[in-house]
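Topology and contacts: notes
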4 protein chains.
Amino acid sequence: MATPVGVIGLGLMGKPMALNLRKKGFEVVVHSRSRGPVDALVAAGATAVATPADVAAAARIIVTMLPDGPDVRAVIEGEHGIVSAMQPGTVIIDSSTIAPATARDLAARVAERGGAFLDAPVSGGEIGAIDGTLAFMVGGDAAALAQVRHVIAAMGNPEKIVHVGVSGAGQVCKACNQIVLGGTMAVVAEAIALARKSGVDPMKVRAALMGGFAQSRVLDVHGERMITANFVPGFKTKLFSKDLGIALDTLAEAGVPAPTSAVVQQLVQAQMAAGGADDDYSAIASVIFALARL
Amino acid sequence: MATPVGVIGLGLMGKPMALNLRKKGFEVVVHSRSRGPVDALVAAGATAVATPADVAAAARIIVTMLPDGPDVRAVIEGEHGIVSAMQPGTVIIDSSTIAPATARDLAARVAERGGAFLDAPVSGGEIGAIDGTLAFMVGGDAAALAQVRHVIAAMGNPEKIVHVGVSGAGQVCKACNQIVLGGTMAVVAEAIALARKSGVDPMKVRAALMGGFAQSRVLDVHGERMITANFVPGFKTKLFSKDLGIALDTLAEAGVPAPTSAVVQQLVQAQMAAGGADDDYSAIASVIFALARL
Amino acid sequence: MATPVGVIGLGLMGKPMALNLRKKGFEVVVHSRSRGPVDALVAAGATAVATPADVAAAARIIVTMLPDGPDVRAVIEGEHGIVSAMQPGTVIIDSSTIAPATARDLAARVAERGGAFLDAPVSGGEIGAIDGTLAFMVGGDAAALAQVRHVIAAMGNPEKIVHVGVSGAGQVCKACNQIVLGGTMAVVAEAIALARKSGVDPMKVRAALMGGFAQSRVLDVHGERMITANFVPGFKTKLFSKDLGIALDTLAEAGVPAPTSAVVQQLVQAQMAAGGADDDYSAIASVIFALARL
Amino acid sequence: MATPVGVIGLGLMGKPMALNLRKKGFEVVVHSRSRGPVDALVAAGATAVATPADVAAAARIIVTMLPDGPDVRAVIEGEHGIVSAMQPGTVIIDSSTIAPATARDLAARVAERGGAFLDAPVSGGEIGAIDGTLAFMVGGDAAALAQVRHVIAAMGNPEKIVHVGVSGAGQVCKACNQIVLGGTMAVVAEAIALARKSGVDPMKVRAALMGGFAQSRVLDVHGERMITANFVPGFKTKLFSKDLGIALDTLAEAGVPAPTSAVVQQLVQAQMAAGGADDDYSAIASVIFALARL
C-alpha cells in the first residue's frame, strides 16, 4: 500500500496538482487556507486536515505550493509547522518559486530533523498543472528525489524532471528560466512594435523569424498573444513580477550584473503600474506599444 | 535556355551563394572587388566582368550581397552602376542587410528605369550560405518575386522564402530578427552567468529550460557556445554590431522606444571595445561574464 | 538643565554625531555593539549603558544611526528595545537610511506608546558627520521636530534641516537623493570615458561643463575623483549599493518604473562584483572605464 | 578698421548671435536660407549675400550655426561653399553641434586651403544666444582661437570660452555635455515621480536635495519645470534628440559602452513618439510620469 501524499497550498497551481495525484490513485492529505479548493479535494476523495503539522503527522511525502518564501517558511518551521510533527525520512517537495537562499536554509533545517527538502519549482503554468504536463527543476539530495520521483511524475511530464544540483539549484534554475523568458518577451515586443509601426504585418514577421535563429517558444506562443492583444492569462503579470523580483535579487546576491534583465523588470513594473497585474505576462508588450503610441 | 544570373559581391556570403547557383546549373556572371573569390567562381564556370554595369548588360536577374547601404547604393546608382546599363524588366535581389529606408529609396530608383528591386536579406549565416539552407525575408513587388523565386530557391531553403510585404518590409523583418536574436542572447548570457556563479551546472540549466517556455534556438545553439566558451564564428560580432546599429536606427525612425535593445547594443559595443570584433556574436556573453568576474 | 540625549549606534556616522552632541554641551547616553567607539564616547564624558531599553530609561530624546531597517526595528521593538522602557513624550530621531514603509511602521508603533518617531536620514557622509555639517531630511510630526530641532542642529547644518512631510517622507527624500546621485555619477563617468578615449583632457571638459547646465556637485567633486582615480572613501560603494537597493524597492512599491536607475544599480553591482565594495561610490566609473578598456 | 565678420545660418541661435555682433560694433555679412532673419539683420545694418562663397569673399572670420553635420559640410565644401572662395588666413568658427569626426574632417579640408576651422559648439540655449551669455567649447588651433577670441566674446560670456583641445575636441566636449544633461534629467524625473507618487511634495524634496551632493543646475532649473509641468522651450526635445544621437554615435565610434545614456536616449525617443518634439527637453519627465500613471 502506498503511503499517503500531503499537499499544502491549494491555489491555482496546487489544486490541480493535488487532483492529479488523486487521479493517479494516491491517497492525498491536504491543508489550505481557502475553503473552496479544500472542499473540491475532499469531494475527490482526499482527506483535509487543520494544520501543516497534521499533514506531517499523516504523510511522509509532502508537496508544498505556496505564493512566496515567507509562506513556505511559515509552513515548514512556523507554529504548527511541518517540522514540529515530521516523521524521520519525510521528503518535502517544495514547488513554490522562492529565493534559492531560503530553499538552502529550509533544506538545512529539515535535514537537522532527519528529513529532506527538495526545491522543485515548475514551469508550464496553470494549464500544465491541470494537464499534468509540468516540468520540474529539482535541487537537493539525489536519493530523496529517487524516492519521490513517482509522485512528481504524477503531477507532470516524467521526461521533464531535471535534477539540476544540490539544494537551491532548482530555484536558481527557475530564476534563470524567468530571466530568459522576460528578456525574450521584451525584445519580441520591441520587434512586433517595429513591424507594426513600419506598416509590416507582424504575423508575417513572426512566421519568417520562426524559421531561423530567432525562433523561440515565446515568439511562437506569446508573440501571437501580443499581436492579437490577447492578454487573458496564462500566467499573471503580478506573479511574473514577483518571480522576476526573486531573480534580480538572486543575481545581485550572486554578484552577476544583469543590465538587460534590470530593464525588463522595469517594463514589467510599468505594466503593473498601468493596472495590468492580472493580465497575462506577455502584456509587457502593451508597455512598449504605449511608448510607441501604437 | 535560362538567362544568366548576375552576382555582385563575393564575400563570405556572396561567394557560396554564387557557387550554389552554378551547382544548380545557372549561367552566372560575377563582379567583385576581391580577386580570389572571382577566380574561384571563374574556375566553377562563371564569367567575370569589370563593373556592375557590365553585369546589368549581361543578366536580367541580379543578386547583390554587400556589406552596407552605401555599398549597395554605389553598385546600383553609382558610376558604372546597374541602372546605367540595366535592361527593362531586370529584377535585382538585394540580400545585403541595409536600412529599410535605403531599400525603399533604391526600389523607387530602379522602378523609374523599368526594373524591380527586391530587398531580400537572409538569415542562416555563412553555413546556411554554403549549405544552401538560407531563409529569405523578401520585400517588394510580388510579381517580381514570382519571376525570380527559382533563383532564390537555388541559394536557400525553398520553404523559407517569406514575402513579408512591400519594399523595405524585408529589411524591417531582418531588423526584427536581429533585435530578437540580440536580446535573447543577452538574457541567456545573464542566466548562464547566474547558474555558474551560483555553482549550478549551466548545461543542466540549459537542458531544463529547453523543455519549457524559455526554449529558443539561441539557448540551444548559442547557449552551448557560451557555456563552452566556443566563440569561433559563426557570425562575427562586428557584423552583428552593424546590423544592430541599423535596427536601432530603424526603431528610432519608426518612433519605437526600445530600452531593452538599446542596452543589448551597449553590450555588443563592449564586446567590440574588448577587441572581440571577430568573435562569434554569442561572445557578448563574455561581457556579462567579465562584469560578473567569471 | 537639559535632559540627556541618547545615541544608539556608534559606527562611522554615529560616533562623530554623538561626539558633536558632547561638544555642544549635551549630556549623552550611548549604546553600541562595538567597544571601541563606546570607550571613545565615555572618554568624552558620555555615559554608556547596556541596552536600548537602558537608553530609553535615561533619555527622552534618542538618536539612532544603524546600518539597515532590521537593525532599527530590533533596537525599537526587539527584546530590551526602546519601546519596552520608553517614557511618554520621547522623541526618536532615526538617522539611518531605511525603507520608507519601515519608517512609517515604526512611527505608528512608537506613537501607540505615546512617543514620536522621526525619520531623519542625512546627507553629507562621514566628513559631514565629523564637521557637523550634515543635512537632515525629516519626516514625521512637526511638533516633535520642533521639540528636537536644537539637538539635530548640534549634529548638522541648522540651515539644512528640511521638514519634508509626514512619516516616511524623510526616507522617500533620501531615496530620491540616492537616485539622483547615482544617475548623475553614471553619466559623468560615461562622459569622462568618452573624453579620455577621444584623446581630450577630461579636466578641461569638466571645467567647460561646470560653466553650463550640466553643472553638478557630482561633476565637481566626484568627477575629479574619477579623473584622478582617487577612490578612497568618502562613502563606500557597499553602503551606496544598500541605499540604492532601498531606493529601487521603494520605486517598485510606489509603482514608478525607473529604467535609468535600474541600469545604474547594475553598474554599482558590477563594482561590487569587481571587489570594490570598500571603494568610494564614485568608483562605479571604473566599471565604465573597464568596459571601454581604459 | 575691423574686418567684417561673416555669419552663415540665421536660425533660432544664429540670428541673435549675429545681432549681438552688430551691437558690439562689428561689420556683419550674412547668408541664410530663410528670408525673415536676413531682413532683420539687414535692418540692423548687416549686409546680405547670396552664397557662402560670397561670405567668404567678404569676410576672413566666419561664424557658422547650422542644424547638423551635412549642412555644415555643404556650406564649407559644397557648390558655392566657403572653400571655393576663401581667402588665406580665414578662420571659421563653427558653433553647430555636429559629429567630432566631421569637425576633424572639415578642419583638415580648410587647413589644406590655408585657413583654420574651429569647432566651437555652445551651451546656454536660445536665451544665452539672445543675452550674449553663451559658453563656448572650442577645439582646434590655439593661434586661430587667439585671433578670433574677441569675436566669440561678443556672442557669449568671455569667461566661458574654454579651449578644450585639438580639432574635434569642442564637439567631444559638447557630446559630454549632452550626455551629462540627459542622464541628470532622467534621474531627476525618476526622483520627482517617486516623491509625487509617495505623496511627498516634490518641491520640498528638490529643496532638500539642492543642499547636498545631489545638487545640480538640472535639478534646480529643469526640476522646477518638471514639477510645474512647464515644458515651454527652452531647448526643444527634437534638437536634444539630435544632439544625443550624435553623442551616442560618438560613444560607439570611440568604443565607450554607455548603458545609462542608451536608456536615456530611449526615453527621449519616447517623448518624440508621444508628439512632444517641440516641448522643452525637460519633458522627458512626462515619459516617466506616464509610465508611473501620474
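Nothing here was measured: the structure is a model prediction, and the numbers come from that model.

1. A word on the relation of the copies chain A and chain D
For the pair of chain copies, the relating transformation is a rotation about an axis with a translation along it. Least-squares fitting of chain A to chain D yields an RMSD of 0.0 Å, with the transformation described by 0.0 Å of translation along the axis and a rotation of 180°. The transformation just described matches what one would write down for a two-fold rotation axis. Residue by residue, 100% of the interface of chain A is reproduced at the interface of chain D, so both copies engage with the same surface.

2. Digging into the interface of chain B and chain A
Between chain B and chain A, the residue contacts involve 60 residues of the former and 60 residues of the latter. At the junction of chain B with chain A, the criterion picks out 11 residue pairs in polar contact (both at pLDDT 80 or more). Of all the secondary structure elements, the ones that give two or more residues to the side of chain B that touches chain A are β9 (156–165), α8 (169–197), α9 (202–210), α10 (217–228), α11 (237–254), α12 (259–273) and α13 (284–291) of chain B. Element by element, the count of residues in the side of chain B that touches chain A is highest for α8(B), at 20 residues. Class assignment of the residues belonging to the side of chain B that touches chain A gives a composition of 39 nonpolar, 16 polar and 5 charged.

3. Focus on the packing of aromatic side chains
Each aromatic ring pair is described using two quantities: the centre-to-centre distance and the angle formed by the ring planes. Summed over the entire model, instances satisfying the criterion amount to 12 aromatic pairs over all chains. A centroid spacing of 6.5 Å and a plane angle of 75° characterise the contact between A:Phe235 and A:Phe240, whose relative ring orientation is edge-to-face. Residue class for A:Phe235 comes out partly exposed when judged on its relative accessible area of 22%. For A:Phe240, a relative accessible area of 1% puts it in the buried group. Measuring from centroid to centroid gives 5.3 Å for B:Phe235 and B:Tyr281, while their planes differ by 85°, and the two rings are edge-to-face. Separated by 46 residues along the polypeptide, B:Phe235 in the loop between α10 and α11 and B:Tyr281 in the loop between α12 and α13 bring together distant segments of the chain. Since its relative accessible area comes to 5%, B:Tyr281 is described here as buried. An aromatic cluster of at least three residues, connected via ring pairs, comprises A:Phe235, A:Phe240 and A:Tyr281. The ring of B:Phe289 carries the charged tip of B:Arg196 above its face, separated from the ring centre by 5.3 Å.

4. Quick look at the interface of chain A and chain D
Every contact between the two is made by 8 residues of chain A and, on the other side, 8 residues of chain D. Between chain A and chain D lies a buried interface of about 630 Å² when both sides are counted; carbon and sulfur atoms form 67% of it. Put simply, chain A and chain D have 0 residue pairs in polar contact (both at pLDDT 80 or more) between them. Within the residue set of the side of chain A that touches chain D, elements represented by two or more residues are α12 (259–273) and α13 (284–291) of chain A. The element contributing the most residues to the side of chain A that touches chain D is α12(A), with 3 residues. Among the residues making up the side of chain A that touches chain D, the classes are represented as 6 nonpolar, no polar and 2 charged.

5. Examining the packing of α12(A) against α12(B)
The N-to-C vectors of α12(A) and α12(B) enclose an angle of 175°; their axes lie 9 Å apart at closest approach. One way to sum up the angle between α12(A) and α12(B) is to call them roughly antiparallel. Between α12(A) and α12(B), the residues in contact are A:Pro259, A:Thr260, A:Val263, A:Val264 and A:Leu267 and B:Pro259, B:Thr260, B:Val263, B:Val264 and B:Leu267, respectively. A breakdown of the residues in the contact of α12(A) with α12(B) according to their chemical character gives 8 nonpolar, 2 polar and no charged.

6. Observations regarding the relation of the copies chain B and chain A
Turning chain B through 180° and shifting it by 0.0 Å along the axis lays it on chain A, with an RMSD of 0.0 Å. The overlap is high: 100% of the interface residues of chain B also sit at the interface in chain A, so the same surface is used on both sides.

7. With respect to unusual backbone geometry
Residues and elements named next belong to chain A. For the bond running from Pro233 to Gly234, omega is 10°, close enough to zero to count as cis. Structurally, Gly234 is set in the loop between α10 (217–228) and α11 (237–254). The backbone of Ala229 sits at a positive phi, close to 50°, despite the residue not being glycine. Tracing the sequence through the fold places Ala229 in the loop between α10 and α11.

8. So, the packing of helix α11 (residues 237–254) of chain D against helix α12 (residues 259–273) of chain D
Residues and elements named next belong to chain D. In the contact formed by α11 and α12, the axes pass within 10 Å of each other and the chain directions differ by 150°. Considering the angle they form, α11 stands roughly antiparallel to α12. When you trace α11 past α12, the crossing you get is left-handed. Along its contact with α11, which presents Thr237, Lys238, Phe240, Ser241, Leu244, Gly245, Leu248 and Leu251, the element α12 presents Ser261, Ala262, Val264, Gln265, Val268, Gln271 and Met272.

9. Details of a negative patch on the surface
A contiguous patch of negative charge on the surface is contributed by A:Asp249, A:Glu253, C:Asp249 and C:Glu253. Looking at the negative patch, the elements that each hand over two or more residues are α11 of chain A together with α11 (237–254) of chain C. Assignment of secondary structure puts A:Asp249 in helix α11. Residue classification places A:Asp249 among the partly exposed positions, given a relative accessible area of 45%.

10. With respect to the domain arrangement of chain A
Residue and element names in this part refer to chain A. Each domain of chain A was delimited in the assignment, giving domain 1 (5–166) and domain 2 (172–291). Listed by partner, the interface residues are 13 residues for domain 1 and 10 residues for domain 2. For the pair domain 1 and domain 2, the two sides together bury roughly 970 Å², of which 65% comes from carbon and sulfur. On the domain 1 side of the contact with domain 2, Thr97, Pro100 and Met137 bury the most area, a combined 46% of that side's loss. Viewed at the interface, domain 2 and domain 1 are joined by 0 salt bridges. Its residues placed into classes, the side of domain 1 that touches domain 2 shows 9 nonpolar, 2 polar and 2 charged.

Scoring rules and cut-offs
- Residues numbered from 1 in each chain as written.
- Chains lettered and ligands numbered in written order.
- Predicted model: local features only at pLDDT ≥ 70, side-chain atom pairs only at ≥ 80, totals over all residues.
- Heavy atoms only, no water.
- Least-squares fit on C-alpha atoms with pLDDT ≥ 70 in both.
- Contact = heavy atoms within 4.5 Å.
- Polar contact = N/O pair within 3.5 Å; in protein donor to acceptor, adjacent residues only side chain to side chain.
- Helix = DSSP H or I, 4+ residues; strand = E, 2+ residues; numbered from the N terminus.
- Nonpolar A, V, L, I, M, F, W, Y, C, P; charged D, E, K, R; others polar.
- Phe/Tyr/Trp six-rings, centres within 6.5 Å; stacked < 30°, edge-to-face > 60°.
- Buried < 20%, exposed > 50% of the residue type's maximum accessible area, 1.4 Å probe, protein only.
- Lys NZ or Arg CZ within 6 Å of the ring centre and 35° of its normal.
- Buried area = accessible area lost by both parts, 1.4 Å probe.
- Axes fitted to C-alpha atoms, helices over the stretch in contact; angles between N-to-C directions.
- Parallel < 35°, antiparallel > 145°, perpendicular 65-115°, else oblique.
- Left-handed = near helix turned anticlockwise from the far one by under 90°.
- Patch = residues over 30% accessible without salt bridge, like charges linked within 9 Å, V, L, I, M, F, W, Y side chains within 5 Å.
- Areas by Shrake-Rupley, 256 points an atom, 1.4 Å probe, with all protein chains shown as cover.
- Salt bridge = Lys/Arg side-chain N within 4 Å of Asp/Glu carboxyl O.
- Lys, Arg positive; Asp, Glu negative; His and termini not counted.
- Charge placed at Lys NZ, Arg CZ, Asp CG, Glu CD.
- Domains from an automatic or database assignment.

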